[in-house]
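The chain contents come next:
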Amino acid sequence: MSAQDGTASLEFVTAGMILLLPLVYLVLTMSALQAASLAVEGAARQAVRVYVQAPDTRSAEAEADRAIRFALADYGIDSSTASVSISCSPLASECLRRRAAVTISVEVSVGLPLVPAVLSAGGPAAVPLRSTATEQVSRFWGEQ
């Protein structure tokens, strides 16, 4: 029996762990980013859809806010951390008029998994994600 009997399996396990841990972290990070990406895209798309179908601006903003909260909550993202902007063209003051284009942008920052606060000296270790959706108000809007 030699002194090196059984060390190959130990070396294999050690090398495997060294290679496996970064791969597992990469999968965790990419899945968190993909989920957040789908969340902001769905939130912006659904918010602009309900916005252009609303009867007035106040209810349009309330419905869009509700759609954003639900879409982000489906993916476990706190909607209070989201930044939302609404713009309209050709007139910024009149979003709900026939054939106006409404654009809603939703932005969130996704924290990297398993990163302690000590390692994020300049602020939280996060990746900002932004999605924008544009929809045209129907040419029949406002007609009963």
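Below or above, wherever it landed, is the structure these notes cover. (Residues numbered from 1 in each chain as written. Predicted model: local features only at pLDDT ≥ 70, side-chain atom pairs only at ≥ 80, totals over all residues. Heavy atoms only, no water.)

### Focus: the sheet that holds strand S3 (residues 126-136)
Under the convention used in this document: Pairing between strands is defined by DSSP: at least two bridges between them are needed. Secondary structure elements are taken from DSSP: a helix is a run of H or I of four residues or more, a strand is a run of E of two residues or more, and numbering for both begins at the N terminus. A fitted line through C-alpha atoms serves as each axis, taken over the contacting stretch for helices, and the angle formed by two N-to-C directions is quoted from 0 to 180°.
Strand order in the open sheet made by the 3 strands is S1-S2-S3, with antiparallel pairing throughout. Two strands lie at the open edges of the sheet, namely strand S1 (83-89) and S3, each paired on one side alone. The average undirected angle you get between the axes of adjacent strands in this sheet is 15°. Judged from the 11 bridges that link them, strand S2 (residues 101-111) and S3 form a sheet pairing that is antiparallel. Bridge pairing in S3 places Thr 103 opposite Thr 134.

### A few points about unusual backbone geometry
In this chain, Ser 89 is followed by Pro 90 through a cis amide linkage whose omega measures 15°. Inspection of the secondary structure assignment puts Pro 90 in the loop between S1 and S2. For Arg 99, which is not glycine, the phi torsion reads 65° and is therefore positive. Mapped onto the elements, Arg 99 comes out in the loop between S1 and S2.

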